[in-house]
There are 2 protein chains.
Amino acid sequence: MKHIAESTVRRLSLYLRFLEEFEAHGHQTISSGELASQGGTTSAQVRKDLSFFGSFGKRGLGYSVNDLSSRLREILGLGRPWKVVIVGAGKIGAALAQYRGFRERGFRIVGIYDVDPQSIGLALDGVTVRDQRDMEADLASLHAEIALLSVPAEVAQPLTDRLVAAGIGAILNFASTPLHVPPHVTLRSVNMALELEILSYALVNRDA
Amino acid sequence: MKHIAESTVRRLSLYLRFLEEFEAHGHQTISSGELASQGGTTSAQVRKDLSFFGSFGKRGLGYSVNDLSSRLREILGLGRPWKVVIVGAGKIGAALAQYRGFRERGFRIVGIYDVDPQSIGLALDGVTVRDQRDMEADLASLHAEIALLSVPAEVAQPLTDRLVAAGIGAILNFASTPLHVPPHVTLRSVNMALELEILSYALVNRDA
DNA sequence: GTTACTTTGTGAAATCATTCACAAGCACCC
DNA sequence: GGGTGCTTGTGAATGATTTCACAAAGTAAC
Ligand SMILES: NC(=O)c1ccc[n+]([C@@H]2O[C@H](COP(=O)([O-])OP(=O)(O)OC[C@H]3O[C@@H](n4cnc5c(N)ncnc54)[C@H](O)[C@@H]3O)[C@@H](O)[C@H]2O)c1
Ligand SMILES: NC(=O)c1ccc[n+]([C@@H]2O[C@H](COP(=O)([O-])OP(=O)(O)OC[C@H]3O[C@@H](n4cnc5c(N)ncnc54)[C@H](O)[C@@H]3O)[C@@H](O)[C@H]2O)c1
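These numbers were taken from a predicted model, which means no experiment stands behind them. (Residues numbered from 1 in each chain as written. Chains lettered and ligands numbered in written order. Predicted model: local features only at pLDDT ≥ 70, side-chain atom pairs only at ≥ 80, totals over all residues. Heavy atoms only, no water.)

With respect to the overall build of chain A
Okay, so step 1: The helix and strand tally for chain A stands at nine helices and 10 strands.
Okay, so step 2: When the 208 residues of chain A are sorted by exposure, 48% land in the buried category.
Okay, so step 3: Considering only contacts within chain A whose residues lie at least 6 apart along the sequence, 56% involve residues at least 24 apart.
Okay, so step 4: For chain A, the accessible surface area stands at approximately 9800 Å², while carbon and sulfur atoms represent 50% of it.
Okay, so step 5: Considering chain A, the positive charge centre built from 22 side chains and the negative charge centre built from 22 side chains are found 8 Å apart. (Helix = DSSP H or I, 4+ residues; strand = E, 2+ residues; numbered from the N terminus. Buried < 20%, exposed > 50% of the residue type's maximum accessible area, 1.4 Å probe, protein only. Contact = heavy atoms within 4.5 Å. Areas by Shrake-Rupley, 256 points an atom, 1.4 Å probe, with all protein chains shown as cover. Lys, Arg positive; Asp, Glu negative; His and termini not counted. Charge placed at Lys NZ, Arg CZ, Asp CG, Glu CD.)

Examining helix α2 (residues 32-39) of chain B
Residues and elements named next belong to chain B.
Okay, so step 1: Where α2 is concerned, the buried positions are Ser32, Leu35 and Ala36. Buried residues along α2 cover an arc of 100° about the axis, so they all sit on one side.
Okay, so step 2: Structurally, α2 contributes buried residues whose contacts are with α1 (6-24), β1 (29-30), α3 (43-51), β3 (62-64) and α4 (65-76). (Arc of directions from axis to C-beta.)

Quick word on the site of ligand 1
Okay, so step 1: Near ligand 1 lie 21 residues; those nearest to it are Lys91, Ile92, Asp114 and Val151 of chain A together with Tyr99 of chain B.
Okay, so step 2: Around ligand 1 the close residues trace back to chains A and B.
Okay, so step 3: One of the backbone N or O atoms of Gly90 of chain A is found 3.5 Å from an oxygen atom in ligand 1.
Okay, so step 4: Starting from 820 Å² of accessible surface for ligand 1 in isolation, the protein chains cover 84%.
Okay, so step 5: Listed by contribution, the elements that provide at least two residues to the shell around ligand 1 are α5 (91-97) and α8 (153-165) of chain A together with α5 (91-97) of chain B.
Okay, so step 6: When residues of the shell around ligand 1 are assigned to their parent elements, the largest contribution, three residues, is made by α8 of chain A.
Okay, so step 7: Partitioning the shell around ligand 1 into residue classes produces 14 nonpolar, four polar and three charged. (Near = heavy atom within 4 Å. Polar contact = N/O pair within 3.5 Å; in protein donor to acceptor, adjacent residues only side chain to side chain. Nonpolar A, V, L, I, M, F, W, Y, C, P; charged D, E, K, R; others polar.)

Focus: the relation of the copies chain B and chain A
One copy of the chain maps onto the other through a rotation about an axis plus a displacement along that axis.
Okay, so step 1: Laying chain B over chain A is done by rotating through 180° and shifting 0.0 Å along the axis; what remains is an RMSD of 0.1 Å. Seen this way, the second copy is the image of the first under a two-fold rotation axis. Using C-alpha coordinates, one finds that chain B approaches the rotation axis most closely at Ile92 of chain B, a distance of 3.4 Å.
Okay, so step 2: A shared interface surface links the copies, since 100% of the contact residues of chain B are contact residues in chain A too. (Least-squares fit on C-alpha atoms with pLDDT ≥ 70 in both.)

Re the sheet that holds strand β8 (residues 146-149) of chain B
Okay, so step 1: Overall, mixed pairing links the seven strands, which are arranged β6-β7-β5-β4-β8-β9-β10 (chain B) in an open sheet. The sheet terminates laterally at β6 (123-124) and β10 (186-189) of chain B, the two strands that pair on one side only.
Okay, so step 2: As judged from the two bridges shared by β6 of chain B and strand β7 (residues 127-131) of chain B, these two strands associate in the antiparallel manner. From the neighbouring strand, Ala123 of chain B faces β7 of chain B, where its bridge partner is Thr128 of chain B.
Okay, so step 3: Strands in contact with helix α9 (residues 192-204) of chain A are β4 (82-87), β5 (107-114), β8, β9 (170-173) and β10 of chain B; relative to β9 of chain B, the strand with the most contacts, it is inclined by about 160°.
Okay, so step 4: In the packing of helix α8 (residues 153-165) of chain B onto the sheet, contacts are made with β4, β8 and β9 of chain B, and the angle to β8 of chain B comes to roughly 170°. (Pairing = 2+ DSSP bridges. Axes fitted to C-alpha atoms, helices over the stretch in contact; angles between N-to-C directions.)

Fair warning: the whole summary comes from geometry, so function is off the table for now.
Below, the structure is given as structure tokens:
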């Protein structure tokens, strides 16, 4: 299939969230315009985004909420549960481990690792923090696909290399340092300090 | 000035980080190519990004690390300290409150608010969690410019409205719900579940 | 001062993403 | 069953961003 822009995938993910809300409210169908207004985009954008994957609507009527949400789940790979490990059980790692939003979406935390003896042994939402030395062996048996990396910046790249060597498929990095991974591994970063700097820029250039 | 793309601002922020590392290593000058390789972009991109704001380099030599980093700080509005409040002292809010990376960049946490009596009174990194009912009065006296919103999704919009009414300039939203603000307020969202879904998509479509 | 070499700054070209605009399809009603 | 109204799906147009490519400007060496 043709390459899909990241912005499109991000919006699909948003559409799915709105569809689930609509589903909860008992609505059967939804138009591209309704979907658009929720997500702050346009109806043409919604239709274009969906058109990359097929034709899911009925002209004159809109989309079946149920059908479209299950198609989107399929497209996004949310049909199956994903196994996730957290590396670094510090403040942000602990918050992530206890975040219910991940589990609800089918992301199951199957392992948490740290070096600090103070953290090792702690149970976070039913998962016990283990020594980072056990990480490779666990990954070999668990076959986790995704890692959340929440360790200090200095050790982020070495740990990334270990995760890659252990066969991880994707990494979500929270450390404020850019990481390098081979092309078969998907990497994304959440950089909160950078988000604040973008806000700072906007505040300073408000009327420019 | 012409409108600057968000992607450009994001990269400027990254360049600044690399420049600071270079500075720490005692380097005097840096070329667009070196800056690019750190940030995973191209030298032409670096030069184009900078060219929107002026000519900061010397042909044949590159950029003065010191000059460029102070120019970038100025452009990004990092010359002054920013006053930040955190709304919601739960797991993620507490992690944010204790994160050193913000303070290092000039973002000073001047207030933390919650409803839960269990949280109110707690000191997080020297700042005491206060009752959310005090928020408006505090904002009027503190003049904080930025709010970090880390409350449950259900109350995110009402709290946003209160922050906007109290004169906040920018909001960084961590709740997984889209928020609406008037045009003079800058809003950005960090949506971690959505980031994971993008990874999920990538894993499923690896060889597509 | 001249030559050889490096790197910037920037129009022009290419690529990528969004918006427009409308024919085609379907529901509903009489 | 034909007409009316609504909404999709999609090429074409527009707009935005990135990449190219090169003249201009600087350094350094002799
Ligand atoms: N706290 C925040 O709000 C926040 C915000 C943005 C970014 N971050 C980034 O997230 C990362 C973690 O931040 P934090 O605030 O949770 O810090 P933290 O110090 O609370 O947690 C880091 C954890 O990593 C563990 N660790 C260190 N080396 C390790 C190793 N080799 N293997 C396994 N675990 C190891 C530490 O023992 C510690 O528990 C940092 O890179 C930080 O820049 C944090
Ligand atoms: N924990 C995570 O890793 C994580 C990840 C992504 C997104 N989020 C989002 O961040 C938000 C907070 O998550 P959390 O895990 O910290 O939850 P949490 O329940 O630990 O924290 C929420 C806090 O908000 C407070 N609160 C509720 N109503 C309030 C009000 N009206 N005024 C002030 N404070 C109020 C609660 O008392 C609580 O302390 C949620 O929207 C969640 O979806 C969390």
